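Residues per chain, in single letters:
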Amino acid sequence: MQPADAGCIALSGSHGGLSSARYALAVRPLLSVFNDAGIGLDDAGIAGLALLQSHGLAACAVSHTSARIGQAASTLNDGVVSCANDAALALGIRLQQPLQPQIDHLSRRHT
């Protein structure tokens, strides 16, 4: 992703840790989507959601039990949202709901 992609929906199969969130910071997407990677010790798998929130950016993660880690297509097609920051909730992202219809709805609203 590049700065010209600002405002896009960035969908990843990667964990939602700090290193992944730093890529999103450089681009500033409308929404960043990650895999929670089992969340892990000290919430390492979703730590990036808070970092992005601190910069006013929406981010969420799908459950590692619903989508394959490292596969963006599985994130979209199979993912169920397990975590979301306040900015993502304000966009209409809902927890414990399939990701794909939410992304479709968000895409229609922001095109």
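Higher on the page you've got the structure.
Because the structure is predicted, anything quoted here is derived from the model rather than measured. All residue numbers refer to positions counted from 1 along the written sequence of the respective chain. Local features in this predicted model are restricted to residues whose pLDDT is 70 or higher, and side-chain atom pairs enter the listing and the counts only when it is 80 or higher, whereas totals over whole chains, interfaces and linings include all residues. Hydrogens and water are ignored here; the side-chain numbers use all heavy atoms of the structure.

Some remarks on the overall build of the chain
Elements are defined by DSSP. Helices are runs of H or I of four residues or more, strands are runs of E of two residues or more, and each kind is numbered from the N terminus. Assigned secondary structure in the chain consists of 5 helices and 4 strands. Ordering the α and β elements of the chain from the N terminus gives β-α-β-α-β-α-β-α-α. Put simply, the radius of gyration uses C-alpha atoms, and a globule should come to 2.2 Å times the residue count raised to 0.38. For a compact globule of 111 residues, the expected C-alpha radius of gyration is about 13 Å, and the chain comes in at 12 Å, within 12% of that figure. Over its C-alpha atoms, taken along the principal directions, the chain stretches across nearly 35 × 25 × 25 Å. With 111 residues in all, the chain has 40% of them scored as buried. Accessibility here uses a 1.4 Å probe with only protein chains present; expressed as a share of the type maximum, an area under 20% marks a residue as buried, one over 50% as exposed, and anything in between as partly exposed.

Describing the packing of helix α1 (residues 18-27) against helix α2 (residues 47-54)
Only the contacting stretch of a helix is used when fitting its axis, a line to C-alpha atoms as for every element, and angles between N-to-C directions run 0 to 180 degrees. In contact at an axis separation of 7 Å, α1 and α2 are set at 30° when each is read in the N-to-C sense. Comparing the axis directions of α1 and α2 gives the class roughly parallel. Here α1 and α2 pass one another in a crossing that is right-handed. Note on element contacts: α2 touches α1 through Ala-47, Gly-48, Leu-51 and Leu-52, opposite Leu-18, Ala-21, Arg-22, Ala-24 and Leu-25. Residues are grouped as follows: Ala, Val, Leu, Ile, Met, Phe, Trp, Tyr, Cys and Pro are nonpolar; Asp, Glu, Lys and Arg are charged; every other residue, Gly included, is polar. Tallied by class, the residues present in the contact of α1 with α2 amount to 7 nonpolar, 1 polar and 1 charged. Here the word oblique covers every angle except those under 35 degrees (roughly parallel), over 145 (roughly antiparallel) and from 65 to 115 (roughly perpendicular). Crossings are sorted by hand: turned counterclockwise from the far helix by less than a right angle, the near helix makes the crossing left-handed, and turned clockwise it makes it right-handed. Two residues qualify as a contact provided that any one of their heavy atoms is within 4.5 Å of a heavy atom in the partner residue.

Describing the side chain of Ser-32
Positionally, Ser-32 belongs in strand β2 (residues 31-35). Look past the residues within four positions of Ser-32 in its chain and what remains in contact with it is Ala-10, Ala-24, Leu-52, Ala-58, Ala-59 and Cys-60.

What about α1?
All of the buried residues along α1 are Ser-20, Ala-21, Ala-24 and Val-27. Burial along α1 is one-sided: seen end-on, the buried residues are contained in an arc of 110°. Facing away from the buried side of α1 by over 90 degrees, the exposed positions are Arg-22 and Ala-26. The arc under discussion is defined with respect to the helix axis, by the directions toward the C-beta atoms.

Note that all results are geometric; they support no functional claim without further evidence.
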